[in-house]
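# Per-entry structural report
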Amino acid sequence: MTKAATADDGSALLSWQSRQRRVVTVYVPLLIFVFILLFPFYWMTITTFKPNAELYDYKNFNPFWVAAPTLANVKKLLFETSYPHWLFTTMLVAVCSTVLSLVSSVLAAYAIQRLRFKGSAYVGLAIYIAYLVPPSILFIPLATMVFQLGLFDSPMALILTYPTFLIPFCTWLLIGYFKSIPYELEECALIDGATRLQILRQITLPLAVPGLISAGIFSFTLSWNEFIYALAFISSSENKTVPVAILTELVQGDVYQWGALMAGSLLGSLPVAIFYSFFVDYYVSSLTGAVKE
């Protein structure tokens, strides 16, 4: 009986230790991570619906809650500024640059992975290294080209410059995903007389949809949030993108319109969040497929 009781106590202690260890090593870090991740969105939301009296009076109002919600900040943002046009410009630039980057990346990744020419591995590595070059270095020569082509202060300047940092990473990502597609399928098609473009369009791309979605999400997100190029290449208020416009147009000297700023940030983050929510499964599966190789 004593041995059995000791064994039961030992099992209970081990179980208790395992449960405690799981709480400390899994649940507590997860809660901290979720809090850090979601708190900025919570702060933007409550600030958006706070009147100015609550924004600047923390002695009488709780800074983490809204006592009297108002839509004045949203109304000011949408009807007293050019925010709808900024949003449209940002969407246009993000979609066009994403499509352009995906088309170029698919052709480059397929050529590097499937055509097997001499030095293809080094070409893929060089493309990825190009992604590591900071935009703060590239925007100076790019600005010279934009001026010479007469594209300054137009959305086309951003559409043509964003692929300089989108294509390298998307190409590297698609190279890893194309590796996971069996080459035997393409060999059978080659034997049947199919061309490389037919194989790419009818066999490879349908199987690489998760990888394409992952690259598209990456490109769309970076294009939507990009700041340096948009600040350097766009000067007029009506052509600015959301990240630049809410900072340069809603900050006047030392006056920060916090309610409108947070409303613009919140509304500007919604398209990306919605985009992710629809394709998150494909995004995870594509990254898994690329990492496996």
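What you see is a predicted model, and the numbers here were worked out from it, not measured in a lab.

About the cut-offs
- Residues numbered from 1 in each chain as written.
- Predicted model: local features only at pLDDT ≥ 70, side-chain atom pairs only at ≥ 80, totals over all residues.
- Heavy atoms only, no water.
- Helix = DSSP H or I, 4+ residues; strand = E, 2+ residues; numbered from the N terminus.
- Buried < 20%, exposed > 50% of the residue type's maximum accessible area, 1.4 Å probe, protein only.
- Contact = heavy atoms within 4.5 Å.
- Salt bridge = Lys/Arg side-chain N within 4 Å of Asp/Glu carboxyl O.
- Patch = residues over 30% accessible without salt bridge, like charges linked within 9 Å, V, L, I, M, F, W, Y side chains within 5 Å.
- Areas by Shrake-Rupley, 256 points an atom, 1.4 Å probe, with all protein chains shown as cover.
- 1 Å grid on protein atoms, 1.4 Å probe; cavity = no way out; pocket = protein on both sides within 12 Å on 5 of 7 lines; lining within 4 Å.
- Points joined across faces, edges and corners; volume = space filled by probe spheres on them.
- Axes fitted to C-alpha atoms, helices over the stretch in contact; angles between N-to-C directions.
- Parallel < 35°, antiparallel > 145°, perpendicular 65-115°, else oblique.
- Left-handed = near helix turned anticlockwise from the far one by under 90°.
- Phe/Tyr/Trp six-rings, centres within 6.5 Å; stacked < 30°, edge-to-face > 60°.
- Arc of directions from axis to C-beta.

## Some remarks on the side chain of S101
If you trace the backbone, S101 turns up in helix 4 (residues 83-114). Among the residues examined, S101 registers a relative accessible area of 0% and is labelled buried. Apart from the residues within four sequence positions on either side, S101 is in contact with P163, L166, I167 and S219.

## Looking at the pattern of salt bridges
All told, the structure shown has three salt bridges when counted by the stated rule. The closest approach of N and O atoms between E186 and R114, which form a salt bridge, is 3.1 Å. Taken as a pair, E186 in helix 9 (residues 183-191) and R114 in helix 4 lie far apart in primary sequence, 72 residues in all. A residue is classified by how much of its surface remains accessible, and E186, at 0% relative accessible area, is buried. On the accessibility criterion, R114 (4% relative accessible area) is buried. For E186, the salt bridge identified is with R196, shortest N-O distance 3.7 Å.

## With respect to a nonpolar patch on the surface
There is a patch of nonpolar side chains on the surface, built from V23, V24, V26, Y27, V28, I32, F35 and I36 and spanning about 740 Å² of accessible area. Here V24 is to be found in helix 1 (residues 2-48).

## Points about unusual backbone geometry
The phi dihedral of D153 falls on the positive side, at around 65°, and the residue is not glycine. Positionally, D153 belongs in the loop between helix 6 (135-148) and helix 7 (155-161).

## Quick word on the side chain of T204
The residue T204 is located in helix 10 (residues 196-207) in this model. A relative accessible area of 0% means that T204 is categorised as buried. Other than its neighbours up to four places away in sequence, T204 contacts Y110, F178, I181, E186 and I199.

## What about the layout of surface pockets?
Roughly 210 Å³ of internal volume is contained in the second largest pocket. Secondary-structure elements contributing two or more residues to the lining of the second largest pocket are helix 1, helix 11 (209-225), helix 13 (242-248) and helix 14 (258-292). Residue contributions to the lining of the second largest pocket peak at seven residues, all from helix 14.

## Details of the environment of Q113
Here Q113 shows up in helix 4. A relative accessible area of 17% places Q113 in the buried class. Placed 61 residues apart in sequence, Q113 and L174 show a C-alpha to C-alpha distance of 9.2 Å. Every residue in contact with Q113, bar those within four places of it in the chain, is listed here: I175, F178 and K179.

## Quick look at the packing of helix 5 (residues 120-131) against helix 8 (residues 163-179)
Direction vectors running N to C along helix 5 and helix 8 enclose 140°, while the axes themselves pass 8 Å from each other. Comparing the axis directions of helix 5 and helix 8 gives the class oblique. In the crossing of helix 5 with helix 8, the sense of the turn from one axis to the other is left-handed. Side by side, helix 5 and helix 8 meet where G124, I127, Y128, A130 and Y131 of the first sit next to F165, P168, F169, T171, W172 and I175 of the second.

## Considering the packing of aromatic side chains
Under the definition given, this model contains 15 aromatic pairs. A centroid spacing of 5.8 Å and a plane angle of 65° characterise the contact between W43 and F64, whose relative ring orientation is edge-to-face. One end of the pair, W43, is in helix 1; the other, F64, is in the loop between helix 2 (52-55) and helix 3 (72-79), with 21 residues separating them in the sequence. The class for W43 is partly exposed, based on a relative accessible area of 26%. For the ring pair F165 and Y229, a centre distance of 5.8 Å and an interplane angle of 50° mean the geometry is tilted.

## Quick word on helix 9
Spacing of three or four residues puts side chains on the same side of an α-helix, whose turn is 3.6 residues. Here helix 9 has its buried residues at Y183, E186 and A189. Taken down its axis, helix 9 places every buried residue within 120° of arc, on the same side. Where helix 9 is buried, its residues meet helix 4 and helix 10. Note on helix 9: the residue one or two positions beyond its end, G193, has a positive phi of about 100°.

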